[in-house]
Amino acid sequence: MSSRATSFSVTRSQLSRRPSVSSRLSFAVSTVEQGEGAAATNAPAEQQIEEEIAEIKRYEDFTTIDWVQDAAQERLRRKTRRRKHVGLYDHGRVSWRYKLWESYDAAQGWMVVTLIGVAIGLNAAFLNIITEWLSDIKMGYCTTAFYLNENFCCWGEDNGCDNWHRWTGFYPVNYLLYIMFATLFAFTSAILVKSFAPYAAGSGISEIKCIIAGFVMKGFLGFWTLVIKSVALPLAIASGLSVGKEGPSVHYAVCTGNVISRLFDKYKRNASKTREILSACAAAGVGVAFGSPIGGVLFSLEEMSNYFPLKTMWRSYFCALVATAVLAAMNPFRTGQLVMFQVKYDRSWHFFETIPYIFIGIFGGLYGAFVIKWNLRAQAFRKKYLTKWAVLEATLLAAGTAVICYPNVFLRIDMSESMEILFLECEGTEDYQGLCDTDKRWANIISLALATVIRIFLVIISYGCKVPAGIFVPSMAVGASFGRTVGIIMQAIYDARPDSAFFAACQPDEPCITPGTYAFLGAAAALSGIMHITVSVVVIMFELTGALTYILPTMIVVGVTKAVSDLFGKGGIADRMIWFSGFPFLDNKEEHNFGVPVSVVTTKDVVAIPVQGMTLRSIEDLLKQPKYQGFPIVEDLNTRVLVGYIGRTELRYAVDRLRRERAIALSPESRCTFAPAPAASAVTPITPPVTISSSAADYTSSSSTSVDFSRYVDPTPVTVHPRLPLETVMELFRKVGPRVILIEHRGRLAGLVTVKDCLKYQFKAEAAENPRDDREIAEGHERLWGWMRAVAAWVAGKVDRASGGRIRLASSVGDADERVGLVRGDGRIMDGDEDGVDDGVELESR
């Protein structure tokens, strides 16, 4: 009988008996003597299996990447490529084809980074142009060309021109049109996000930090998310909501990198190389948002990546450089500036100004702590009660923001334009609404103070609504208005007492106080306070101004902000959102001293698989239980001597491939073997995915047929001793990156531990140190929801009566218990195997 052609079929003689030790040893020797020839024959089969398993893992949502396994797979790919191109040698010498291929492979990374940088720069330029036009169209239009914003329409003019017309000459009508445009923009943005790409909502920085660390979120970096984020972001900014575009800039930049890198095989199935690209894209996103390529690289290093080798830093710098250069070439503002609020200072500062600088730094720390605390409460309320009405919430927020902000001249305009005005010096520049007029000084102080308070409130309730929303620029706008207030007060004090010894360092022939620099430092303080970043803020603000003399004041302000912020917790808003959403992420910003061994958090009741004895039916029953993501392999269930580990994905793939390619049906009672043989690669030149052996004459005999899954067993899983400190195990998870660590005591399996187990204990320890009662918060949320229901019922009744019953707004207003996407409002840690996904989320990789 002839042997079958499938990879699972073997001849009857092969099934009849197991090769003897001497025959296997002789075959191993002959294989070694044959050199790379036999190994090259084996490489395609090994590579095919690895690629098929990697393809399956790409579509496993809410799981974590095992970086140890990924590194092993990358080594196998490199080995396979070397063997594959052995034939490109000519008589022992390297041929020109091999040199060409090697050069292309080495240059592929730089080609990808260049393409990504160009795409990010172009996207940022177009978004800037569209955002400015949409922001200005709320208040008027250009008679010369309708597509021009106010700056381009009145080019060279400081305070408007005849070509730019308000919609009407009647203030109340302009007020109403402003509200209508803002509401329409927010509604359009929210409906686009909900209908096509729910992951396009929010900032995205928290999720990207988890993705770079190895958390798989299917569709979050997909093509449709990129498209909708790019379209809905200008609408959300132009609506006047207190949200920024800098955080979403990082998201669409990383989406761009993910989409483009997937076109290249080198990055398609390699998670570690994709991680390098995503880190570089995050740097480019910040670079184009602030016109600060070096600051973007430092931001990616300080905030985004927990693994940042020198090669990644160099590629991040190059990507940010390309993106910023393309943005500069596009010159969207036609002023040579990369961002609207880019300014230049030619005056120095005085040492006595250190006192107000410290005051501004204290404000930045308090602002960050206050906003983080109350925004998390607003997020909890939103997830519990407003999930069903995400579009309505964003629309009403925009309408309410427009109603509140239009009367205030500093809140009415776009936040970037507002910062540009507040940063500027008074001499030789535009005097916006009498900002530099000494007669209106106290009126400006009151207006700026109100703008600061109102903007803080709006940031708290707006950040987190279901539109593309960042918090960088809103925080900087808050800090700028507060800093300008402090600067004007200092200027008033100097004008009242110019001869005071406190101002002895001032020169008589030039202005002593520059309020614009206080606004600049206030923006730096607020940004540092909300994100808990330091070095990158200093570099970003330096690149924005180009003022070397203000590096030291910026460092003083940011240092004070950091000190105050650390009194209220280590993490910024992105880190707190990771905790709130329940992502399995170990932050490296906090140092813990639990003083307990890892055995305290170990899961001891572990389902293990013996090397021999389990039937195929039992294996399939285990795979039907979704709570198991992998299985330790032991010699037997009594001694539990650890042999290896097999992941759920690998085992599922092996069983499915056996069922798919097996020509003859296999009995469910077939015995399964999981013994990893160290010399298996030397026994057979081509290891079949599943080996079938039988000593009986009947090929389908169920009692004697066995299935060998040894190919898929990891013989060297990461193991630790039960008495190893928990802090050391957490460092292993951060730096080595395994999905699971097995606990081994004297060779026996004692349990396993995951990132989730470590986080659970960390949260319990923190709760024990700082106990709190959330019942009062829950009762406050319930009362607020009751008031909102009462107001909604009253409005619905009025509309119903006014329309004669033709318009009915009342509906079943119940508690929104649904959860959109992956967010957990109660702060529970995700297991990594959740199945609940948003409807409509595209099924693309990552």
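To start, this report covers the structure provided alongside it.

What counts and what doesn't
- Residues numbered from 1 in each chain as written.
- Predicted model: local features only at pLDDT ≥ 70, side-chain atom pairs only at ≥ 80, totals over all residues.
- Heavy atoms only, no water.
- Axes fitted to C-alpha atoms, helices over the stretch in contact; angles between N-to-C directions.
- Helix = DSSP H or I, 4+ residues; strand = E, 2+ residues; numbered from the N terminus.
- Parallel < 35°, antiparallel > 145°, perpendicular 65-115°, else oblique.
- Left-handed = near helix turned anticlockwise from the far one by under 90°.
- Contact = heavy atoms within 4.5 Å.
- Pairing = 2+ DSSP bridges.
- Salt bridge = Lys/Arg side-chain N within 4 Å of Asp/Glu carboxyl O.
- Buried < 20%, exposed > 50% of the residue type's maximum accessible area, 1.4 Å probe, protein only.
- Nonpolar A, V, L, I, M, F, W, Y, C, P; charged D, E, K, R; others polar.
- Disulfide = S-S within 2.5 Å.

**A word on the packing of helix α25 (residues 616–623) against helix α26 (residues 648–661)**
Moving on, step 1. Contact geometry of α25 with α26 gives a least axis separation of 11 Å together with a crossing angle of 130°. Our classification of the angle between α25 and α26 gives oblique. Judged by the sense of rotation from one axis to the other, the crossing of α25 with α26 is left-handed. Together, Leu-616, Ile-619, Glu-620, Leu-622 and Leu-623 of α25 and Arg-648, Leu-651, Arg-652, Val-655, Leu-658 and Arg-659 of α26 make up the contact between the two elements.

**As for the sheet that holds strand β14 (residues 748–753)**
Moving on, step 1. Reading across the sheet, the 3 strands line up as β12-β13-β14 and stay open at both edges, with mixed pairing between neighbours. Each of the sheet's edge strands pairs with one partner strand only, and the pair in question is β12 (719–720) and β14.
Moving on, step 2. Alignment of β12 against strand β13 (residues 741–745), held across 2 bridges, turns out to be parallel. Residue pairing across strands places Val-720 opposite Ile-743, the latter belonging to β13.
Moving on, step 3. Where helix α28 (residues 726–735) meets the sheet, it contacts β12, β13 and β14, and its direction lies at approximately 140° from that of β13.

**Comments concerning the sheet that holds strand β5 (residues 609–610)**
Moving on, step 1. Spatially, β5-β7-β8 is the arrangement adopted by the 3 strands of the open sheet, whose pairing is mixed. Taken across any chain shown, the strands that pair with only one partner, and hence form the sheet edges, are β5 and β8 (642–647).
Moving on, step 2. Two strands pair when backbone bridges link them, and strand β7 (residues 630–634) and β8 are joined in this way by 5 bridges, in the antiparallel orientation. For Pro-632, the partnering residue across the bridge sits in β8 and is Tyr-645.

**Examining the pattern of salt bridges**
Moving on, step 1. Overall, the coordinates contain 12 salt bridges when judged by the stated rule.
Moving on, step 2. The residue Glu-276 makes a salt bridge to Lys-311 at a minimum N-O spacing of 3.4 Å. A residue pair is termed long-range when its members are at least 10 positions apart, and Glu-276 in helix α12 (residues 271–290) and Lys-311 in helix α14 (residues 310–330) qualify at 35 residues.
Moving on, step 3. Since its relative accessible area comes to 11%, Glu-276 is described here as buried.
Moving on, step 4. Of the residues examined, Lys-311 reaches a relative accessible area of 40% and is grouped as partly exposed.

**Looking at the packing of helix α15 (residues 354–385) against helix α21 (residues 515–531)**
Moving on, step 1. α21 packs onto α15 with a crossing angle of 35° between their chain directions and a minimal axis gap of 7 Å. Here α15 runs over α21; the crossing is right-handed. Of the residues in α21, those in contact with Pro-356, Tyr-357, Ile-360, Gly-361, Gly-364, Tyr-367, Gly-368, Val-371 and Ile-372 of α15 are Tyr-518, Leu-521, Gly-522, Ala-525, Ala-526, Gly-529 and Ile-530.
Moving on, step 2. Residue composition of the contact of α15 with α21, grouped by class: 11 nonpolar, 5 polar and no charged.

**Regarding the state of the cysteines**
Moving on, step 1. Evaluation of the coordinates by the stated rule reveals 2 disulfides.
Moving on, step 2. At a sulfur-sulfur separation of 2.1 Å, the disulfide partner of Cys-142 is Cys-153. Handedness of the Cys-142-Cys-153 disulfide follows from its S-S torsion of about 80°: it is right-handed. Taken as a pair, Cys-142 in strand β3 (residues 140–142) and Cys-153 in helix α6 (residues 150–153) lie far apart in primary sequence, 11 residues in all.
Moving on, step 3. Look at Cys-142 and you get buried, because its relative accessible area is 3%.
Moving on, step 4. Residue pairing for Cys-506: its cysteine sulfur links by disulfide to Cys-512, the two sulfurs lying 1.7 Å apart. Residues Cys-506 and Cys-512 agree in their burial class; the two are buried.

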